[in-house]
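Residue-level structure breakdown
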Amino acid sequence: MRLRVPVALATVLALAIPLAALTVAAFSDEVQVVLSSWLQGRPRVLVRLDIELPNVDAERCLVLVRRFPTMYNPTKDGYTELIYRGLHPPGAAVEVKNTLFAYVAKYRLDPRTNEYVIDYYEPQEYAIFVNCVRGDAAVFKWARIVEVFPRSIVHTERVEVRGSRYELGPSSSSTTPLPSEGDRDDGGGDGGGNSFSCSIVILEESPGSYKRGECYTWVRGPVIYSIDGLTTSFVLYTYPQSAVYLEAYADSDYGPFLRTEDQVQWGSIGKKLTPSVVSGETSGLTGYYKDAIYFYVRYKYEWEVGCDSFAGACYEYWSLYPSSIRDFARSAERPYLPYSLYPYTPPAPPYYKAGGGPGERLIWFAPEEGTSETDISLYRVTVSFTYTGVWTASLTVSFYKAVRRDSQYTTPAVRIYSTRYYWWWYKDNDPRNYEVLVAPG
């Protein structure tokens, strides 16, 4: 028996899923609700995470999934929200469902019909935590940010949990409890070397239950280049918002005996989309020079403890992630940034170079085809995160080779004002590097 769908709804659904495949028997209750929402003029999408747990020597695994707020699917308090929490045996397949508002973030041209169809709905980022225990002992710990691009109104994302025993991510960190109060730093950076500080201020808390806070720090970005006759600058926008990807950290615990908040063991959970809330451009760079760009970033801190009386155990998680860019500059513009203005000797222009002439040119960083994201770190900076009186951690924050460009977000750009002819090209022929090299024409 086939589902009867009104013509108007069928037109919409045809953009996402083939109607011929829609049968009542194939629908779960959640899918029925999604289809009903389209009929009622409140379109929804269903994101399903299929999480495959590892076959480790453990009795049970806690799976915790939290969703980051987005533009059209915000969370209640602007921090992450709990989507799922459950206990499962090792090797199990865990299905997590999340129903969201169906905002179309990007269309694409279908070459078969020469018409625009939906490429994907608003992407979502989920922090997934897995803690496996045997008795009271932790034997496996894993956490990652998973970014999902829903390409139909029912989208399935496969998440394979793999990794070494008791590891979160590749980045190293050093965390030390603080025994006493100290002077709070404003996150400005000392100008001595490529390192900064970020002092967390708690904005909301419930004693023994949860804390929400923030801090601000500078993070290293790409390099801009210039030659005589050119003036180059780095540009950010707020409509649509320019965004980059920066590193996030987290930790988690599960069992009858939890660590205290100061015993956090930070590990990288990968890249996090970080939009700009400021627009503008750096001062112009001219002559045969290059300079580094730095972003002033708001980091959010979360800590929470919860207990499950049925399971007879408790869980705990910490997270530290970039939420927005509040300022940006090249190093020579600010006295407290590591000075990175150096002479630039242009290399021989490669075969993929492009020509430029007198006037203005704006160059973006989204690739024409192929993937827009990688897990490759382009630049790193050491940040000393401090929660005064509780803990301090020296973490390496990466700026990633990853871009996003759709109706919600765009890439930064490089603006070139020229009084001469010149060559320009993307570093390594890859716009995701965020760097434009130039040479005399």
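Our subject is the structure listed above.
These remarks concern the structure in this document. (Residues numbered from 1 in each chain as written. Predicted model: local features only at pLDDT ≥ 70, side-chain atom pairs only at ≥ 80, totals over all residues. Heavy atoms only, no water.)

1. Re the side chain of S276
Residue placement: S276 occurs in the loop between β16 (267–275) and β17 (280–281). Residue class for S276 comes out buried when judged on its relative accessible area of 0%. Within the local environment of S276, its side chain forms a polar contact with the backbone oxygen of V278, the two atoms lying 2.6 Å apart. The residues touching S276, leaving out its near neighbours within four places in the chain, are L236, Y237, T238, Q241, S242 and I325. (Helix = DSSP H or I, 4+ residues; strand = E, 2+ residues; numbered from the N terminus. Buried < 20%, exposed > 50% of the residue type's maximum accessible area, 1.4 Å probe, protein only. Polar contact = N/O pair within 3.5 Å; in protein donor to acceptor, adjacent residues only side chain to side chain. Contact = heavy atoms within 4.5 Å.)

2. Observations regarding the packing of aromatic side chains
Overall, the coordinates contain 24 aromatic pairs when judged by the stated rule. Measuring from ring centre to ring centre gives 5.0 Å for Y120 and F149, while their planes differ by 85°; the resulting arrangement is edge-to-face. In this pair, Y120 is assigned in strand β6 (residues 115–121) and F149 in the loop between β8 (137–148) and β9 (154–160), connecting sequence segments 29 residues apart. In this structure Y120 comes out as buried when scored by relative accessible area, which is 5%. Members of the aromatic cluster, each reached through a chain of ring pairs, are F234, F295, F365, F399, W424, Y426 and Y434. The ring of Y79 carries the charged tip of R212 above its face, separated from the ring centre by 6.0 Å. (Phe/Tyr/Trp six-rings, centres within 6.5 Å; stacked < 30°, edge-to-face > 60°. Lys NZ or Arg CZ within 6 Å of the ring centre and 35° of its normal.)

3. Section: the pattern of salt bridges
Counted under the stated rule, the structure contains 31 salt bridges. When the shortest N-O distance is used, the salt bridge between E81 and R67 registers 2.9 Å. Taken together, the residues span a long stretch of sequence, with E81 in strand β3 (residues 81–88) and R67 in strand β2 (residues 60–67) at a distance of 14 residues. For E81, a relative accessible area of 26% puts it in the partly exposed group. (Salt bridge = Lys/Arg side-chain N within 4 Å of Asp/Glu carboxyl O.)

4. Structural notes on the nonpolar core
Counting 61 residues, the largest nonpolar core has W266, F295, Y301, L320, F385, W391 and V438 as the members making the most contacts within it. The leading source of residues in this core is strand β19 (residues 289–308), at nine residues. With 36 residues, the next largest nonpolar core counts L53, I128, V130 and V148 among its residues. (Core = buried A, V, L, I, M, F, W, Y, C linked by side-chain atoms within 4.5 Å.)

5. A look at the pairing of strand β11 (residues 195–199)
Most of β11 sits inside the fold, with four of its five residues counted as buried. When β11 meets strand β24 (residues 373–387), the two strands line up parallel, connected through five bridges. Across the sheet, the residue bridging to S197 is S384, located in β24. (Pairing = 2+ DSSP bridges.)

6. Some remarks on the state of the cysteines
According to the stated counting rule, one finds three disulfides in the structure shown. Bridging C61 to C132, the disulfide has an S-S length of 2.0 Å. Taking the torsion about the sulfur-sulfur bond, which here is approximately 105°, the covalent link between C61 and C132 counts as right-handed. Placement of the pair is C61 in strand β2 and C132 in strand β7 (residues 124–134), with a sequence separation of 71 residues. Under the relative-accessibility criterion, C61 is labelled buried at 0%. Disulfide pairing is shown between C307 and C314; the S-S distance is 1.9 Å. Residues C307 and C314 are joined through a disulfide that is right-handed, its torsion about the S-S bond being 95°. In this structure C314 comes out as buried when scored by relative accessible area, which is 18%. If one numbers only the bonded cysteines of the protein chain, in the order they occur, the disulfide pattern is 1-2, 3-4, 5-6. (Disulfide = S-S within 2.5 Å.)

7. Comments concerning the environment of A402
Mapping A402 onto the fold places it in strand β25 (residues 391–402). Expressed as a C-alpha distance, the spacing of A402 and P431, which sit 29 residues apart in the sequence, is 9.4 Å. Once you skip the residues sitting within four places of it in the chain, A402 turns out to touch Y245, K271, S372, E373, T374, R432 and Y434.

8. Concerning unusual backbone geometry
Look at the link from Y239 to P240: it is a cis peptide, with omega at -15°. Locating P240 in the fold gives a position in the loop between β14 (230–236) and β15 (241–255). With phi around 65°, Y434 is a residue other than glycine that occupies positive phi space. Residue placement: Y434 occurs in the loop between β28 (422–426) and β29 (436–440). Judged by its relative accessible area of 0%, Y434 is buried.

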